[in-house]
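# Results of the structural survey
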Amino acid sequence: MATPLTLDQLNLASLDEAAALLDGLYEHSPWIARAALAKRPFVSLAQLKHAMVLEVANGGRDAQLALLRAHPELAGKAMVDKSLTAESTNEQNKAGLTHCTPAEFEKIQQLNAQYNARFGFPFILAVRGPRGTGLLKAEIIATLERRVQGHPEFELAECLRNVHRIAEIRLNDKFGYTPTQGHQVWDWQEALAQHTDPGYAELGQLTVTYLTDAHRACARQIQADMLAAGCESAVIDAVGNVVGRYESDSWSRSNHGLQAPKDSKTLLTGSHYDTVRNGGKYDGRLGIYVPLACVQALKAQSKRLPYALEVVGFAEEEGQRYKATFLGSGALTGDFDPAWLDQTDADGITMRDAMIHAGLDVNAIPAIRRDPAEYQGFVEVHIEQGPVLNALDIPLGVVTSINASVRYVGEVIGMASHAGTTPMGQRRDAAAAVAELVLLVEHLATQDGDSVGTVGQLQVPNGSINVIPGRCQFSMDLRAPSDAQRDALEEKVLAGLRLICERRGLHHSLTRTMQASAAPSAPAWQQRWEQAVAALGVPLHRMPSGAGHDAMKLHTILPQAMLFVRGLNSGISHNPLESSTSDDMQLAVDAFSHLLHQLAQEHGTP
């Protein structure tokens, strides 16, 4: 086995020597690494990886297409006649493509031909996968079947992203680098995903709703993982949150009968472990296990911080079983509404009965409210749940604010009449009015820059193919980085809806179902995340969060800031395709660790 390279070796070598050391990262395209080497010295592999990403991005369309076309087809002719590069041979072998059955080989060949004919370049997939150990053949075939239907521009970008992932894994191999903690975070989440609600388990889908058997199994497993990682305590509280504590240096000293300095305030972190129906494995859960990896490392080093670290797996954030979104984090801020206890789920089970069945004490809920005077702040790591970092090929993003939002359900009322006999100029079509609203929301939000608007539900009650819709029900979701921007967008949309209905001779009703204020990141905590990211040598990208998170609840009592981690598959979330790499998870662990130690230095501990 070759001796692993080092960054010092790469930084000090001549250009020709360094280019030779990086040979084979990009298939038959040595120009990429050679051009990136002009940016030396590199402080991290992550910085080198991004330098190569930039060279491809700036190389132009012709160079990008040439790069893609330099790649062999999966299980293609080059594999059969053994003309693959050593790197490609290793990768296809790890994925089992060198041992396809005749049926599998024929299927892949057919799909390869369709893909190449449609897009003009081969289908490219990092077959060693997000963890680097190899995808299953069934996963590869399913991905090829899905992506052969893609849009040409999307596929070009997706293939380039997979090329960079292939290069990242090859670079890791050259440097003998293993994202050990990233693998651990990955494995924890994979193990937790074995628990899923009945009806979904049989379909191979992940669904964990509040206080089901699967939800309670998740809580027990998180509790066990916290204790195994090194937390001194891990308890399931009165609403089902799992709370682990890694105690401070002063606690440790006192526990050993030594004089201890005054303890600093606790740092609070965590995220949720419930899921949407047929959701992904990393939404929320990443924010539990990244800090837990840091606890595990501190414990292994027998190292304490001058403050306690409290990691919370919030029991409920998604609002899937009961209409009580952010129930878990809300209980910590004192926002648990006792009226929620009488809500019923789809099976008529009250929240109170579900809690009692789970062994929770509803009378103890007020006692779990946190005293802000005992805490420094709240930080949360979360998968981005969007395409921005993925499109930029940047692994981490620092959140500037969680968007303000407002939601409505509404109905437009016109007149149902015969589709064949009613002239176009005399119709009172409720659905056509809502269609106008959809386009208006899209137009106004686009004009607004970083606002977003969605009409996500549309229904024509008792609709018929030959009847003009007399009623149309809809939902509307508006979000913006600030309350003022959201309010301005809301005012324009509502005014536009009134004009649409007046012009068409229709009536409408609206009910506001939710309004949440923006949660801007606390400047000092955002800066700590920025310094942590910069220390890793990866680009600093600031961005708002369009999705709501537990941090927006904790924002009401504590300063907060979030770190986003890039997702794969164009950043899709709330979907089984939600994914991230163990390399990016490792960077999140490294950033979190940097923040912890930076905070310790601020408290006077080296």
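Further up the page is the structure itself.
Residues numbered from 1 in each chain as written. Predicted model: local features only at pLDDT ≥ 70, side-chain atom pairs only at ≥ 80, totals over all residues. Heavy atoms only, no water.

## Considering the overall build of the chain
If you tally the helices and strands in the chain, you get 22 helices and 16 strands. Along the first, second and third principal axes, the C-alpha atoms of the chain reach 75 × 75 × 45 Å. Element-wise, carbon and sulfur atoms account for 53% of the exposed surface of the chain, whose accessible area totals about 26,000 Å². Both charge centroids of the chain, one from 52 positive and one from 68 negative side chains, sit 1 Å from each other. (Helix = DSSP H or I, 4+ residues; strand = E, 2+ residues; numbered from the N terminus. Areas by Shrake-Rupley, 256 points an atom, 1.4 Å probe, with all protein chains shown as cover. Lys, Arg positive; Asp, Glu negative; His and termini not counted. Charge placed at Lys NZ, Arg CZ, Asp CG, Glu CD.)

## A word on the pattern of salt bridges
Under the definition given, this model contains 34 salt bridges. In this structure, K137 and E104 form a salt bridge, with 3.0 Å as the shortest nitrogen-oxygen distance. Of the two residues, K137 is situated in helix α9 (residues 137–147) and E104 in helix α8 (residues 102–119); the sequence distance between them amounts to 33 residues. A salt bridge links D187 to R131; the nearest nitrogen and oxygen atoms lie 2.9 Å apart. In this pair, D187 sits in helix α11 (residues 180–192) while R131 sits in the loop between α8 and α9, placing the two residues 56 residues apart along the sequence. Classification of D187 by relative accessible area gives partly exposed; the value is 34%. Residues joined in a network through salt bridges with shared partners are K49, R165, E168 and D583. (Salt bridge = Lys/Arg side-chain N within 4 Å of Asp/Glu carboxyl O. Buried < 20%, exposed > 50% of the residue type's maximum accessible area, 1.4 Å probe, protein only.)

## Focus: the packing of aromatic side chains
One pair of aromatic rings is described through two measures. These are the centre distance and the angle between the planes. Counting across every chain of the model gives 9 aromatic pairs. Pairwise contacts between aromatic rings join Y115, F119, F121 and F123 into one cluster. The cationic tip of R304 hangs over the ring face of Y246; the distance from NZ or CZ to the ring centre is 4.4 Å. When the ring centre of W525 is taken as reference, the NZ or CZ atom of R528 above it lies at 4.3 Å. (Phe/Tyr/Trp six-rings, centres within 6.5 Å; stacked < 30°, edge-to-face > 60°. Lys NZ or Arg CZ within 6 Å of the ring centre and 35° of its normal.)

## Section: the packing of α11 against helix α12 (residues 213–229)
Two elements in contact, α11 and α12, have axes whose closest approach is 10 Å; the angle formed by their N-to-C orientations is 155 degrees. In terms of their interaxial angle, α11 and α12 are classed as roughly antiparallel. Crossing angle aside, the handedness with which α11 passes α12 is right-handed. Contacts between α11 and α12 involve W188, A191 and L192 from the former and C218, Q221, I222, D225 and A229 from the latter. Of the residues belonging to the contact of α11 with α12, the class tally is 6 nonpolar, 1 polar and 1 charged. (Axes fitted to C-alpha atoms, helices over the stretch in contact; angles between N-to-C directions. Parallel < 35°, antiparallel > 145°, perpendicular 65-115°, else oblique. Left-handed = near helix turned anticlockwise from the far one by under 90°. Contact = heavy atoms within 4.5 Å. Nonpolar A, V, L, I, M, F, W, Y, C, P; charged D, E, K, R; others polar.)

## Overview of the nonpolar core
Ranked by internal contacts, the top residues of the largest apolar core, which has 99 residues, are Y210, F336, M351, M355 and W529. The element that contributes the greatest number of residues to this core is helix α22 (residues 582–602), accounting for 10 residues. Excluding residues that lie within four positions of it along the chain, M351 makes contacts with Y210, Y322, A324, L327, F336, W340, L341 and Q343. Judged by nonpolar contacts, the second largest core, of 52 residues, contains L25, L65, I140 and A167. (Core = buried A, V, L, I, M, F, W, Y, C linked by side-chain atoms within 4.5 Å.)

## Here we look at the pairing of strand β7 (residues 404–413)
Within β7, 7 of the 10 residues are buried, which leaves the element mostly enclosed by the surrounding structure. With 10 bridges connecting them, β7 and strand β12 (residues 471–480) associate as antiparallel partners. Its bridge partner being in β12, V409 is matched across the sheet by S475. The sheet contact formed by β7 and strand β13 (residues 507–516) spans 9 bridges and is antiparallel. Across the sheet, residue Y408 finds its bridge partner in β13, namely R512. (Pairing = 2+ DSSP bridges.)

## Description of the packing of α11 against α22
As a packed pair, α11 and α22 sit with axes 7 Å apart at the nearest point and diverge in direction by 110 degrees. Judged by the angle between their axes, α11 and α22 are roughly perpendicular. Residues T180, Q181, G182, H183, V185, W186 and Q189 of α11 form the contact with α22, whose own contacting residues are S582, M585, Q586, V589 and D590. Considering only residue class, the contact of α11 with α22 consists of 4 nonpolar, 7 polar and 1 charged.

## So, helix α4 (residues 45–58)
Two residues of an α-helix separated by three or four positions point the same way, owing to the 3.6 residues in each turn. For α4, built from 14 residues, the straight-helix expectation of 20 Å at 1.5 Å per residue is met to within 8% by its first-to-last C-alpha distance of 20 Å. Taken together, the buried positions of α4 are occupied by L45, A46, L48, K49, H50, A51, M52, V53, E55 and V56. The inward-facing, buried residues of α4 abut α1 (7–12), α3 (31–36), α5 (61–69), α10 (152–175), α17 (388–392) and α22. Just downstream of α4 lies G60, where phi reads positive at about 90 degrees. (Expected span 1.5 Å × (residues − 1).)

## Details of the environment of T6
Within the secondary structure layout, T6 lies in the segment before α1. T6 sits in the partly exposed class, given a relative accessible area of 40%. With 38 residues separating them along the chain, T6 and S44 place their C-alpha atoms 10.0 Å apart. Separated by 3.1 Å, the side chain of T6 and the backbone nitrogen of Q9 make a polar contact. (Polar contact = N/O pair within 3.5 Å; in protein donor to acceptor, adjacent residues only side chain to side chain.)

## Structural notes on helix α20 (residues 523–535)
In this model, α20 (13 residues) spans 18 Å end to end at C-alpha, consistent with the 18 Å of a helix rising 1.5 Å per residue. Within α20 the residues assigned to the buried category are W525, Q526, R528, W529, E530, A532 and V533. Note on α20: the residue one or two positions beyond its end, G537, has a positive phi of about 80 degrees.

## Some points on unusual backbone geometry
Note the cis peptide between R40 and P41, where omega equals 5 degrees. Secondary-structure assignment places P41 in the loop between α3 and α4. Although it is not a glycine, L211 sits at a positive phi angle of roughly 65 degrees. Tracing the sequence through the fold places L211 in the loop between α11 and α12. Positioned with a positive phi, N569 is a non-glycine residue whose angle comes to about 50 degrees.

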